[in-house]
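Here are the chains, one letter per residue:
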Amino acid sequence: MSSTDVKHLAIIMDGNGRWAKKRGFSRTKGHEKGADVIRDITTYCATNKEIDTVTFYAFSTENWKRPKLEVEFLMKLLDNYLQKELKTYQENGVRFKAIGNFDVFSQALQKRIQETEKATKNNTKLIQILALNYGGRAEIVNSVNKLISTGKTILTEEDISSTLQTPYNDIDLLIRTSGEERISNFLLWQLSYAELYFSPTLWPDFSTKELEEIIQNYKTRTRRFGGIK
Ligand code: FPP
């Protein structure tokens with residue numbers, strides 16, 4: 001293990017709609033293809049020795065602004081994905097975890113999320129986190145409120161880190177596809193020292209080959225964590 005290992009990889013998947021439009025398909029087709037790519041990348045990460053966690057931004061708190069039909073389609077796709085994926089998770093030793101606020105999801109979807117987490121909890125090759133109805137600021141505020149409710153009045157960074165929904169490693173590498181160069185309220189706390197990589201590829205065209213190239217590029221960077229090297 002070296003400081004140039006990617007232990008926690010985070011991905012903002014962007015460009016499903018543009019991918020579909022370029023081909024004359026409906027946007028939903030782009031999301032379907034996007035879900036297949038999540039599977040490929042997850043399977044690859046499970047076999048890559050240095051990656052222990054991969055977090056995907058699957059639905060942000062802002063995504064509710066999309067047309068109702070598209071939101072409904074995304075919810076259905078997620079439910080189908082988790083149902084189908086269980087086999088892939090078990091075969092590849094992947095532990096599934098969801099972060100975000102699921103209270104607004106249907107009971108059936110909430111149950112599917114809980115059951116998938118439970119069924120995969122002993123898998124050890126990789127943790128796959130899906131951020132669903134997730135917002136980075138909300139995650140920090142929830143954490144602070146939790147600490148205040150225990151009577152704490154002075155908080156440390158450690159207090160906050162350990163009460164986030166993702167008390168896992170900080171992120172080493174963040175990739176955003178489709179040429180957009182924004183963080184969009186994703187994992188704000190955990191990204192503090194991450195290396196950022198913006199790819200022009202639309203998410204449905206993203207491949208394990210490109211991921212390997214990006215990881216190689218990451219290894220040429222010097223991470224100083226605020227110090228001098
Ligand atoms: C951005 O494309 C993508 C999302 C809304 C999130 C990612 C969603 C998926 C990959 C679909 C399935 C997810 C799961 C977990 C089954 P966009 O629609 O913003 O693309 P655009 O910017 O080109 O319009």
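See the structure above.
A brief look at the structure comes next. (Residues numbered from 1 in each chain as written. Predicted model: local features only at pLDDT ≥ 70, side-chain atom pairs only at ≥ 80, totals over all residues. Heavy atoms only, no water.)

Attention shifts here to the nonpolar core. Ranked by size, the top nonpolar core spans 41 residues in total, and within it Leu9, Ile41, Cys45, Phe56, Ile113, Trp203 and Leu211 carry the most contacts. Contact partners of Ile113, with chain neighbours within four places excluded, come to Leu82, Phe96, Ala98, Phe102, Phe105 and Leu132. Of all hydrophobic cores here, the second largest spans 14 residues; its members include Ala10, Ile99, Ile171 and Ala194. (Core = buried A, V, L, I, M, F, W, Y, C linked by side-chain atoms within 4.5 Å. Buried < 20%, exposed > 50% of the residue type's maximum accessible area, 1.4 Å probe, protein only. Contact = heavy atoms within 4.5 Å.)

Two numbers describe how helix H2 (residues 27–47) lies on helix H7 (residues 208–219): the axes approach to 10 Å, and their chain directions differ by 50°. By the criterion of interaxial angle, the relationship of H2 to H7 is oblique. Here the hand of the crossing between H2 and H7 comes out right-handed. Contact residues: H2 offers Asp40, Ile41, Tyr44 and Cys45, while H7 offers Thr208, Leu211, Glu212 and Ile215. When grouped by side-chain class, the residues that make up the contact of H2 with H7 number five nonpolar, one polar and two charged. (Axes fitted to C-alpha atoms, helices over the stretch in contact; angles between N-to-C directions. Helix = DSSP H or I, 4+ residues; strand = E, 2+ residues; numbered from the N terminus. Parallel < 35°, antiparallel > 145°, perpendicular 65-115°, else oblique. Left-handed = near helix turned anticlockwise from the far one by under 90°. Nonpolar A, V, L, I, M, F, W, Y, C, P; charged D, E, K, R; others polar.)

Secondary-structure assignment places Asp14 in the loop between strand E1 (8–12) and helix H1 (16–22). On the accessibility criterion, Asp14 (17% relative accessible area) is buried. Among the polar contacts listed, one links the side chain of Asp14 to the side chain of Arg18, at a separation of 3.4 Å. In this view, Asp14 contacts Arg176, Thr177, Ser178, Glu180, Thr201, Leu202 and Trp203; residues no more than four positions away in its chain are not counted. (Polar contact = N/O pair within 3.5 Å; in protein donor to acceptor, adjacent residues only side chain to side chain.)

This part takes up the layout of surface pockets. By rolling a water-sized probe across the atoms, one finds the places where empty space is left. Here the largest pocket defines a volume of roughly 720 Å³. In this structure, the largest pocket is lined by 30 residues; those nearest its centre are Met13, Tyr57, Ala58, Asn63 and Arg66. For the lining of the largest pocket, the secondary-structure elements that each account for two or more residues are H1, H2, strand E2 (53–60), helix H3 (68–92) and strand E4 (126–134). A breakdown of the residues in the lining of the largest pocket according to their chemical character gives 15 nonpolar, eight polar and seven charged. Roughly 160 Å³ of volume is contained in the second largest pocket. Along its surface, the second largest pocket is lined by 14 residues, and Gly100, Ala138, Glu139, Asn142 and Gln165 are the ones closest to its centre. Put simply, the parts of the chain that give the lining of the second largest pocket at least two residues each are E4 and helix H5 (136–149). Sort the elements by how many residues they give to the lining of the second largest pocket and H5 lands first, with five residues. Residue composition of the lining of the second largest pocket, grouped by class: three nonpolar, nine polar and two charged. (1 Å grid on protein atoms, 1.4 Å probe; cavity = no way out; pocket = protein on both sides within 12 Å on 5 of 7 lines; lining within 4 Å. Points joined across faces, edges and corners; volume = space filled by probe spheres on them.)

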